[in-house]
Each structure stands twice: as C-alpha cells, then as structure tokens.
Amino acid sequence: MELKNQTIISFTLLGLSEKQSLRLPLFSFFMTAYILCTMGNMLILMLISTQSQLHSPMYFLLGNLSLVDICLTSITVPRALSSLLSRDLSISFHGCFIQLFLFHMVGNMDSFLLAIMALDRYAAICQPLHYTTIMRKTTCIRLLTSSWVIVSLHSTLFTIMTATLPYCGWVIHHYFCDVPALLLLSCTDTSAQQMVVFIEGSLIVMGPMLFILGSYLLIIRDVLKLRTSKSRQRTFSTCSSHLTVVIFFYTSIIFMYFRPSSLYSAANDRIISVVYSVITPMLNPFIYTLRNKEVKKAVKKIILCGRKR
C-alpha cells in the first residue's frame, strides 16, 4: 500500500541497531561521546577566549571548529539518546527535514573550516613575512561568512530536493535523517536526485578537500627545502594536528556519500556516519590539545592559577 507525504505524520528512526540488548551499550557510548565532545570543545573555547597567547588567527579558527563540532553532535546525539532511553523512535516529518538541513549545513561547515585552517598553515609556513597581512581577522571573518552562506544554500537544496519527494515508507534505517537513507523510501526513481547529491555534493566537499591537498603540497615543497631534519620535523609538527583531523573527517565522508549506490549498506552507513558525526568531533579537542604545545601551556597556566587560589 502506497503512502504519500500528506499521510506521513512521522518517520521512524531505527537507530544504530534494532537489537534490544544493544540499547544500554549504545546509550552509554553516545552519552560518553557527547559529554567528552561537549566538555572538550568547551575547554578549547574557554582557553582561546581567556588566554591572550591564543589570540591569533589559527586559534580563532580552531575556536570556530570547536563551536561547529558541538553543534554537529547536538543535532543528532540528544535525539538518539532520547530514543534509546524512551524507546520512542518517531520523528515528525518536518522535524526530520529540519534535522537534515542543520546536519548538512553544520557538517559541511566543518569541511570549509578545515580548508581555511589549511590556508592559515600555508601562510604561516610558506609566507611567514606576509602572514599577518594574509590572515587578518577581517579576512578570516569574510571567509567564514562566505562559507556559512555557501553551506546554507547547499543544505537548502538538499532539503527541498528530498522533502518534495513522494514517500512510500516511513522506517529510516539510520539514527538521524540523512539524504541516502531517505532516498530509499521514495516511491519514484531517485536517480536524478542521486546524481545531484554526487555532483553538487562533490563540489561542496571535494572543493575544500582539493584546496587542503594543494596547500599541503606547497607546504611539503617548502619544508623539504629546509636544511636540517630537525627544522623539517619542527615545521611538520605544526601541521600534524590539522592533518590528522582532515584524514579522519574526509575518509569517512568520501566513503559515505561518494560511492556507487550498489555498495549501499544500511548497517555500514550507520557505523561510518558515527565516525564523522560523533567520533571525529569528540577526538578533535584531544588531538589539538595533546599535540599542541601552546594549548598545553595554556591548560597548565589555568591549573597553576587554580592551585594558587
């Protein structure tokens, strides 16, 4: 029996697993990850706002990344926790597409922020004498504003494209509303929509990724010109945190959205989506804290000040 949009009051989000025995472990995982992500990124924001030595373009961008990561997990994880706790798997039709819009907007902003941070690393290493000119605060704000406009338009396109489809099903094999899972429920052929996702999504995701790749090729070229291995190692270490985050983020994104539909697997997609929507935002504060001397110094300074009091 066909169901049309006007008769679908709500969708059902099955979550990561339909097994009842996994509810408690999944709840514990999501709760722990959300607390660590929120607290870790809040710590980064507090350090950047209160410590004068962190008032630089690089840390201004890192603060924005932390804010975006908090928003990214807050869009999906609380809803997943609520479902696991109350066993209410339903999400309203409008609520589903609001979640889809916010997730794609904030998720793609992560990608643009990583690209702007790559520009910062390029300017610091390859153009040190012009760094303050290239990475002025006004320039950073303009880049961020432009990025928000682009990802908002991208997310609007994806939301309208999926919300206007006729649906014959209401059970979403995912823990949040996402485009690939929703396309499977449509009554009509979605090959055109899948093509839009691939082409337009490629521009939004692969564009920043190619920019990052180009930036690092130029960085590697200049670093290899340094005379001593110690100098090369010290210079590379300033990029290691950013590069680690980039690898985590883009590996999961590419596999999720840029592969043939014949390789689609609901179980695999749910697990992979956790990597870029939960695990990566949770790990970012630890990556930047554990591998960044200035951030570690700022943490020690706050701890010492607290002990003196």
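Under the annotation held in an unreviewed UniProt entry, the protein carries the name Olfactory receptor and is attributed to Eleutherodactylus coqui. The Sequence similarities (unreviewed entry) comment attached to the protein in UniProt states, word for word, "Belongs to the G-protein coupled receptor 1 family." The protein has a UniProt comment under Subcellular location (unreviewed entry) that states "Cell membrane".

Here we come to the packing of aromatic side chains. The geometry of an aromatic ring pair is captured by two quantities: the separation of the ring centres and the angle between the planes. With the rule as written, the count across this model stands at 11 aromatic pairs. Judged by centre distance (6.4 Å) and plane angle (45°), the rings of Phe 97 and Tyr 167 are tilted. Here Phe 97, found in helix H3 (residues 93–126), pairs with Tyr 167, found in the loop between helix H5 (137–163) and strand E3 (171–172); they are 70 residues apart in sequence, far enough to count as distant. We note that Phe 97, like Tyr 167, is buried. With centroids separated by 4.4 Å and ring planes inclined at 40°, the aromatic side chains of Phe 103 and Phe 176 adopt a geometry described as tilted. Highlighted residues: Phe 103 in helix H3 and Phe 176 in the loop between E3 and helix H6 (179–183), separated in sequence by 73 residues. An aromatic cluster is defined as three or more aromatic residues linked by ring pairs; in this entry it consists of Phe 29, Phe 30, Phe 103, Tyr 175, Phe 176 and Tyr 276.

About the thresholds
- Residues numbered from 1 in each chain as written.
- Predicted model: local features only at pLDDT ≥ 70, side-chain atom pairs only at ≥ 80, totals over all residues.
- Heavy atoms only, no water.
- UniProt positions renumbered as here; feature names shortened; annotations may be inferred.
- Phe/Tyr/Trp six-rings, centres within 6.5 Å; stacked < 30°, edge-to-face > 60°.
- Helix = DSSP H or I, 4+ residues; strand = E, 2+ residues; numbered from the N terminus.
- Buried < 20%, exposed > 50% of the residue type's maximum accessible area, 1.4 Å probe, protein only.

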